[in-house]
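# Residue-level structure breakdown
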Amino acid sequence: MAGRTGDAELMADGSNGSSPIVVVRDVHKSFGDVHALAGVSLEIERGTVLGLLGPNGAGKTTLVRVLTTLLDPDEGSATVAGFDVRRERTRVRPLIGLAGQSAAVDDTLTGRENLEMVANLYHMGRATAAARAGELLARFDLLEAAERQARTYSGGMRRRLDLAASLVADPEVLFLDEPTTGLDPQARLELWTVIRELVATGTTVLLTTQYLEEADQLADEIVVIDHGRIIAQGTAADLKARSGGEHLTVRVSDLAALEQVRDVLEAEGDGPPTVDEATGTVSVAVSNGPARLAGVVRRLDEAEVAIADIGLRQPTLDEVFLSLTGHRAESEPADAPAGAV
């Protein structure tokens, strides 16, 4: 079967498994006047999850398409398991799996038929294809629906089937391009469990996401990309530390008091506060949190502002992104060509 080698064997690049399995060096890719990738460099260690975090149009999908041999870079180089993605794409493809933003399943086929069709594309024998399909259907809790057409599957089931299809050849590296987009919270949690199980068995994962909680939950290391450039890299804890340490958050009972709270936190905090009208909260980075907390409570009490909740907490990755880029992660660059990135 195409895919991974044993732990004791040499890897595809001739190493003993200690070198990074994905290496990207100064990759550029443009679509007309839009620089989708403007000099991206990164490495992914074997058996880890790299979270590629950024908004729509940041360049995440373009990088995935380069690494999965679907796009040639304009400049720079990239290798997977030691093979160049441009010059040795026929060596790369058996080693990788890809699950995109939309489930790539054939609605007219059953779940089992979808997986057997993918196995046939890898030139597996009929018996091997049937065995692999059955194994994956069981692994992704799809056995009861195996003989139903995919058109009858829920969104979460379709996404699990798509992920199963990407694993038919037992790839060494799995590329997940925003795999939980559009899923309900329960389906997202189920898919997170599957991803953790894959990594526990040795699969290397590049996960692109707009969901900051997702990167925080799954990634060993996070790369933040914005407008085709890497603007930060590190663990979730490293990135959170860059946003100024603790955050003081106040939730009000009356939304009319938000402006008063914002003024108080701007005076007491270490930067501009963020206001979330939907939840009635205001947050700001602070140093010496306990002392600042006491000062804020005193000033709000003097202003007769009713506080529903107040406290100190670690910053979210959304706040980290805002501090790094000046805009929230869900905002989309206006100059991104439709479908290009």
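Quick note: structure is the one above.
The structure reproduced in this document is the subject of the present report. The structure presented is a predicted model; accordingly, all values stated were derived computationally and were not measured.

Most of helix 1 (residues 60-67) sits out of view: 7 of its 8 residues are buried. Among the residues making up helix 1, those that are buried are Lys 60, Thr 61, Thr 62, Leu 63, Val 64, Val 66 and Leu 67. Once helix 1 finishes, Thr 69 follows within two positions and takes phi at roughly 70°, a positive value.

What follows covers the pairing of strand 8 (residues 204-209). A regular strand places its side chains on the two faces of the sheet in alternate fashion. Counting buried positions over the 6 residues of strand 8 gives 6, a clear majority of the element. Of the two faces of strand 8, both are covered, the one formed by Thr 204, Leu 206 and Thr 208 as well as the one formed by Val 205, Leu 207 and Thr 209. Where strand 3 (residues 49-53) lies against strand 8, 5 bridges are found, and the strand directions are parallel. Looking at strand 8, one finds that Val 49 is bridged to Val 205. Tracing the backbone out of strand 7 (residues 173-177), into helix 6 (residues 185-200) and back to the parallel element strand 8 gives a crossover that is right-handed.

This structure, assessed with the given rule, holds 15 salt bridges. Among the salt bridges present, the one from Asp 72 reaches Arg 89, with a minimum N-O distance of 2.6 Å. Note that Asp 72 is positioned in the loop between helix 1 and strand 4 (75-80) and Arg 89 in helix 2 (residues 89-92), a separation of 17 residues in sequence. Accessibility expressed as a relative area gives 23% for Arg 89, which makes it partly exposed. Salt-bridge contacts for Arg 299 lead to Glu 268; the nearest nitrogen and oxygen are separated by 3.6 Å. One end of the pair, Arg 299, is in helix 10 (residues 289-302); the other, Glu 268, is in helix 9 (residues 258-268), with 31 residues separating them in the sequence. By relative accessible area, which is 33% here, Arg 299 ends up partly exposed. Taking relative accessible area as the criterion, Glu 268 reaches 17% and is therefore assigned buried.

What follows is about unusual backbone geometry. The residue Asp 26 is not glycine, and still its phi comes out positive at about 50°. Tracing the backbone through its elements, the reader meets Asp 26 in strand 1 (residues 22-31). Backbone geometry places His 123, a non-glycine residue, at a positive phi of 60°. His 123 gets classed as exposed once you look at its relative accessible area, which sits at 73%.

On to the packing of helix 3 (residues 111-121) against helix 4 (residues 126-139), then. In contact at an axis separation of 9 Å, helix 3 and helix 4 are set at 130° when each is read in the N-to-C sense. Accordingly, the angle class assigned to the pair helix 3 and helix 4 is oblique. Once helix 3 is placed against helix 4, the crossing between them reads as right-handed. Across the interface between the two elements, Gly 111, Arg 112, Leu 115, Glu 116, Ala 119 and Asn 120 of helix 3 pack against Ala 129, Ala 130, Ala 133, Gly 134, Leu 136 and Leu 137 of helix 4. Here the residues of the contact of helix 3 with helix 4 are counted per class, giving 7 nonpolar, 3 polar and 2 charged.

For the rest of this paragraph, the subject is helix 6. Between its terminal C-alpha atoms helix 6 stretches 23 Å, which fits the 22 Å expected from 16 residues at 1.5 Å a residue. Immediately beyond the C-terminal end of helix 6, within one or two residues, lies Gly 202, with a positive phi of roughly 110°.

Another point: the nonpolar core. By size, the foremost hydrophobic cluster in this structure holds 48 residues, and its most contacted members are Leu 115, Phe 140, Leu 163, Leu 176 and Ile 222. Other than its neighbours up to four places away in sequence, Phe 140 contacts Arg 160, Leu 163, Ala 164, Leu 167 and Val 194.

Strand order in the open sheet formed by 4 strands is 2-1-4-5, with antiparallel pairing between adjacent strands. Unpaired on one side and paired on the other, strand 2 (34-44) and strand 5 (83-84) mark the two borders of the sheet. Two elements, strand 1 and strand 2, share 8 bridges in a ladder whose sense is antiparallel. Bridging from a neighbouring strand, Val 22 pairs with Ile 44 of strand 2.

Here we come to the pairing of strand 4. Inspection of the sheet shows strand 1 paired to strand 4 by 5 bridges, in the antiparallel sense. Considered in strand 4, the bridge of Val 22 is made with Val 80. Relative to strand 5, strand 4 runs antiparallel, the two being bridged by 2 bridges. The residue of strand 5 that forms the bridge with Val 80 is Phe 83.

Thresholds applied
Residues numbered from 1 in each chain as written. Predicted model: local features only at pLDDT ≥ 70, side-chain atom pairs only at ≥ 80, totals over all residues. Heavy atoms only, no water. Buried < 20%, exposed > 50% of the residue type's maximum accessible area, 1.4 Å probe, protein only. Helix = DSSP H or I, 4+ residues; strand = E, 2+ residues; numbered from the N terminus. Pairing = 2+ DSSP bridges. Right-handed = clockwise from strand over helix to strand, strands pointing away. Salt bridge = Lys/Arg side-chain N within 4 Å of Asp/Glu carboxyl O. Axes fitted to C-alpha atoms, helices over the stretch in contact; angles between N-to-C directions. Parallel < 35°, antiparallel > 145°, perpendicular 65-115°, else oblique. Left-handed = near helix turned anticlockwise from the far one by under 90°. Contact = heavy atoms within 4.5 Å. Nonpolar A, V, L, I, M, F, W, Y, C, P; charged D, E, K, R; others polar. Expected span 1.5 Å × (residues − 1). Core = buried A, V, L, I, M, F, W, Y, C linked by side-chain atoms within 4.5 Å.

Worth remembering: the numbers are spatial, not functional.
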